[in-house]
Amino acid sequence: MNGTMRAIFRLWRTYKLDINKLLQGDILGHKAWPMNQKHLVRLILFAAGNPEFYYEELVLRTKMAEITKGTQYQYGVAYDLALAYYKHGFISTAKTILESLLPLGNKAMAQTYNDLLKHPLVNVIKELTLPEPVHPVHDELCQREIKTPKQLSKLRCRYRRTQIPIYWSKEEILHYDPWIALYHDVISDQEINIVLNNSITQMARSDLTGSTNATNEDVMATYWLSELRTKSLFPLTKRIEIITGLSTSVSKLFSDSENYEINHFGIGGMMKQHFDFLNISLGEYQKNVERSVRMSGDRVATWMFYLTDVEKGGATVFPEAKVRVTVTKGAALFWYNIKRNSEKDQRSLNADCPVIIGSKFVCRKWILEAGQAFRRKCGLSPFSTELADN
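So, here is what we can say about the structure in this document.

Cut-offs applied
- Residues numbered from 1 in each chain as written.
- Predicted model: local features only at pLDDT ≥ 70, side-chain atom pairs only at ≥ 80, totals over all residues.
- Heavy atoms only, no water.
- Phe/Tyr/Trp six-rings, centres within 6.5 Å; stacked < 30°, edge-to-face > 60°.
- Helix = DSSP H or I, 4+ residues; strand = E, 2+ residues; numbered from the N terminus.
- Buried < 20%, exposed > 50% of the residue type's maximum accessible area, 1.4 Å probe, protein only.
- Lys NZ or Arg CZ within 6 Å of the ring centre and 35° of its normal.
- Expected span 1.5 Å × (residues − 1).
- Contact = heavy atoms within 4.5 Å.
- Pairing = 2+ DSSP bridges.
- Axes fitted to C-alpha atoms, helices over the stretch in contact; angles between N-to-C directions.

## A look at the packing of aromatic side chains
Taken as a whole and judged by the stated rule, the model has 14 aromatic pairs. For the pair Trp303 and Phe334, a centre-to-centre distance of 6.0 Å together with 50 degrees between the ring planes defines the contact as tilted. You can see Trp303 sitting in strand E10 (residues 299-306) and its partner Phe334 sitting in strand E14 (residues 332-336), a full 31 residues away along the chain. For the pair Trp303 and Phe334, a shared accessibility class is recorded, and that class is buried. Between Phe334 and Tyr336, the ring centres sit 5.0 Å apart and the planes meet at 75 degrees, which makes this aromatic pair edge-to-face. Among the aromatic residues, those joined into a cluster by ring pairs are Phe9, Trp12, Phe46, Phe53 and Tyr55. The ring of Phe90 has Lys126 sitting right over it, with the charged end atom 4.6 Å from the ring centre. Stacked on the ring of Tyr336, the Lys or Arg Arg376 has its end atom at 4.0 Å from the ring centre.

## Examining helix H1 (residues 2-15)
Compared with an ideal rise of 1.5 Å per residue, which puts 14 residues at 20 Å, H1 spans 20 Å between its outermost C-alpha atoms and is within 8% of the ideal. Within H1, burial applies to Met5, Arg6, Ala7, Phe9, Arg10, Leu11, Trp12, Thr14 and Tyr15. At its buried positions, H1 is contacted by helix H2 (19-23), helix H3 (37-48), helix H4 (54-67), helix H8 (136-143), strand E11 (312-313) and strand E16 (355-357). Once H1 ends, the next one or two residues include Lys16, with phi positive near 50 degrees.

## What to know about the sheet that holds strand E12 (residues 316-318)
Read from one edge to the other, the open sheet built from four strands follows the order E9-E15-E12-E13, with strand pairing classed as antiparallel. The two strands at the open ends of the sheet, each matched to only one other strand, are strand E9 (271-274) and strand E13 (323-325). On average, each strand axis in the sheet is inclined to that of its neighbour by 10 degrees, with strand direction left out of account. As paired strands, E12 and E13 are joined by three bridges and run antiparallel to one another. When the sheet's bridge partners are listed, Phe318 is paired in E13 with Val323.

In structure tokens, the structure reads:
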């Protein structure tokens, strides 16, 4: 229940939802069951217990005051609203609400009002506004495309050669530097079912209970799937190698790529802004990782299959590169995390936006430094990019 309520607030803020429509069950045009007063009370109590949702608490309490106007509860709700405004520093607003309650002759309300008059900020008018987003570019990308028409006109779709002469990949270029591309029709429905059937019942859900900073946690379910245990995945791994030209071999001791990570994002599910690289060196011994990749180096690139479509939300975004990628079932997103001069590419910062309607499954494979020495050669200058090869 707490996760559901947090998801509602997360969607509300990220997508700037209309609270009136949200209470009526209208989520960006999608019709759902409207909320009743019991739901509203639960949301208010949850927000009151989580200071980061002060804006939502005050807005919802105001809606509750409107709903209960003319009923036996209206004065109690209004008094609680005044106390909430006072608690969050909106002293002048609290004073105005309490003044409207003074004719009732309630001693507790009158005493609260008199105490409030002594506050040094009682006459300072402070408006309630939606808090500024912590990551404004991220939130804007989650809502819409922000590249200009001129920038979009330079991108293109094409058939691209692979390691097999008769197989050409369907490549959609999303950004040139850093290189980000979407490859269409690279995993079939049958292969998607194999991946899901071997992972969906064993996924472990991220638990926010007890987190000291829950708003910054990833919200998803995860499972690791190995080709060594699920032989039917080998064709997928080989297909990634054929398309990218990078080695993806997997073995018990020395691997050039990690196992598949399967992620499930339900409604409100997301992954915060992060880098995929690990800041480790090739040959550096890693004690607490899978044995097969302990000395395989950092994550050169990321390949991510989209296993489902999503009705609304759930885009993958790159805030530094200002790239937005909508979920496309059967396609795969590919990007580099490390430059040709071995520097970590800070522009590879990426995130998964909250899902509004639907269920999002993705399958990630990280391609490691081991095995790439003759596959992705160093550039001729410190500023070399992928454009020369693409």
